[in-house]
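Examining the three-dimensional arrangement
For reference, the chains in residue letters:
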Amino acid sequence: MKDKAKTKEQFIKELTQLQKKVTELEAKAAQFNQTEELFRKKEERFGLALKASQDGMWEWNITTGEDYWSPQFKQLIGYQDDEIEASFKTWELMLHPDDRQHVLEILKEHIEKHGNFNQEFRLKTKRGDYRWYCSRGQALWDAEGKPIKVVGSIRDITDIKRLEMELKGSYKDLEEKVEKRTAELRAANKKLKKIINEQRQTEVELEKTKAFMDNMIDSSLDCIITADISGYLTRVNNFFLQMLGYEREEEVIGKHITEFGPKEGTNYESITGEVVY
């Protein structure tokens, strides 16, 4: 009876433990289902976001050598999903010859030295032409630091690059015009400076000539006057002032020539050495 009672007690204990494990498994299963549902929703949102952004996805599994290109990626290079197989070698050959070495070096640096991979390059499309793309990637490493795979996105930026090149062309054209105009202005400024210097030199020469002429006029023993077309005096020499008994030129300038004659009390003989009647 004791053995039977013990067996029954042990059976109940084991059954209780089993029920506990079942409850734990059910809880874990519910948690897994919840996590899976959250992951599915996130994946769905991510897929919608990618579709809205028109970005393609790619994955390069370094460990297994397997590659993945999303249908959107293939569409960006002109292929349907079943028309081309994802392959790192294929992607490498599709790179423009002028871009290939640089892009591969940056990717290698990202994998080995954990640098950034955010590159612009050209890929050959199904039609045979090259289009511009921007690709961002992120590598995953194991606990020992060995690379496992690289995951990234790709976007067609051909229109943006075309606009950039047009803007560069316009900027270059504008630069050339500004440079040409600047050269013209410099030449004009140089010419103007030359004209100004020549004008200043001419003014200096004129001043010298005027000073010389003034000296000649004032030292002359003849009466010398200048008048405008109406007969009003504009310049007289010292001998004229002495002859008519004036002390300053300002006393006669502006007067009409007909107003002048011998002035009373003036000793003309002492001035000219001759008797004036």
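**Quick notes on the pattern of salt bridges**
Under the defined criterion, the tally for this structure stands at 16 salt bridges. One salt bridge in this structure joins R131 and D156, with 2.8 Å as the shortest N-O distance. Linking R131 in strand β4 (residues 130-141) with D156 in strand β5 (residues 147-156), this pair joins segments that are 25 residues apart in sequence. With relative accessibility at 22%, the residue R131 sits in the partly exposed group.

**So, unusual backbone geometry**
Even without a glycine there, the phi angle at H114 is positive, about 60°. Within the secondary structure layout, H114 lies in the loop between α4 (97-113) and β3 (117-124). Using a relative accessible area of 46% as the deciding quantity, one classes H114 as partly exposed.

**Some points on the sheet that holds β5**
Spatially, 5 strands are ordered β2-β1-β5-β4-β3 in an open sheet, and the strand pairing comes out antiparallel. Each having just a single partner strand, β2 (67-69) and β3 make up the two edges of the open sheet. Averaged over all adjacent pairs, the angle separating strand axes in this sheet is 25°, with direction ignored. Across the sheet, α4 is in contact with β1 (56-61), β3, β4 and β5; its angle to β3 comes to roughly 150°. Running over the sheet, helix α5 (residues 158-219) touches β3, β4 and β5 and is turned about 120° from β4.

**Quick word on the environment of I111**
Mapping I111 onto the fold places it in helix α4. When its relative accessible area of 12% is taken as the criterion, I111 is described as buried. Along the primary structure I111 and A139 are separated by 28 residues, whereas in three dimensions their C-alpha atoms are 6.3 Å apart. Each residue touching I111, except ones within four places of it in the same chain, is listed here: W60, I62, W141, P147 and V150.

**Considering the nonpolar core**
Ranked by size, the top nonpolar core spans 23 residues in total, and within it W69, I77, W91, F121, L123 and I154 carry the most contacts. Counting residues per element, this core draws most heavily on α4, which supplies 4 residues. Excluding residues that lie within four positions of it along the chain, L123 makes contacts with I77, W91, M94, L95, D129, Y130, R131, Y133 and I154. Counting residues in hydrophobic clusters, the runner-up holds 8 residues, among them L233, F240, L241 and L244.

**A closer look at empty space enclosed by the protein**
The tally for this structure, following the rule as stated, stands at 1 cavity of 30 Å³ or more. Computed from the structure, the largest cavity encloses a volume of approximately 120 Å³. What lines the largest cavity is a set of 13 residues, among which W58, W60, W69, F88 and W91 lie closest to the centre. Those elements that provide at least two residues to the lining of the largest cavity are β1, β2 and α3 (88-94). Ranked by the residues each element gives to the lining of the largest cavity, the list is headed by β1, at 3 residues. Looking at the lining of the largest cavity residue by residue, the class counts come to 9 nonpolar, 2 polar and 2 charged.

**Quick notes on the confidence of the model for the protein**
Parts of the model with low pLDDT should not have their predicted coordinates read in detail. When the pLDDT values of the protein are averaged, the result is 83; 83% of them are 70 or greater. Here residues 268-277 is modelled with pLDDT under 50, and outside its nearest four sequence neighbours on either side it reaches 15 contacts, counting other chains as well.

Conventions and cut-offs
The written sequence of each chain sets the order in which its residues are numbered from 1. At least 70 in pLDDT is required for a residue's local features to be given in this predicted model, at least 80 for side-chain atom pairs to be given and counted, and no such filter applies to totals for whole chains, interfaces and linings, which use all residues. Side-chain measures here rest on the full set of heavy atoms in the structure, leaving out hydrogens and waters. Salt bridges, as used here, are contacts in which a Lys or Arg side-chain nitrogen is within 4 Å of a carboxyl oxygen on Asp or Glu. Numbering goes from the N terminus for both helices and strands, where a helix is a DSSP run of H or I of at least four residues and a strand is a run of E of at least two. Burial status follows relative accessibility: with a 1.4 Å probe on protein chains alone, a residue under 20% of its type maximum counts as buried, one over 50% as exposed, and anything between as partly exposed. Each pair of strands is called paired provided DSSP finds at least two bridges between the two strands. Only the stretch in contact is used when a helix axis is fitted, and all axes are lines through C-alpha atoms; the angle between N-to-C directions ranges over 0 to 180 degrees. Contacts were defined at the residue level, with two residues in contact if any of their heavy atoms lie within 4.5 Å. Residues belong to one nonpolar core when they are buried, are Ala, Val, Leu, Ile, Met, Phe, Trp, Tyr or Cys, and are joined through side-chain atoms within 4.5 Å. Site definitions follow a grid-based scheme: protein atoms alone, a 1 Å grid, a 1.4 Å probe that fits but cannot get out for cavities, and for pockets an open set with protein on both sides within 12 Å along at least five of seven lines, plus lining residues having an atom within 4 Å of a point. Grid points are joined across faces, edges and corners, and a volume is the space filled by probe spheres set on the points. Polar here means any residue other than Ala, Val, Leu, Ile, Met, Phe, Trp, Tyr, Cys and Pro, which are nonpolar, and Asp, Glu, Lys and Arg, which are charged; Gly is therefore polar. Confidence of the prediction at every residue is given by pLDDT, a number between 0 and 100.

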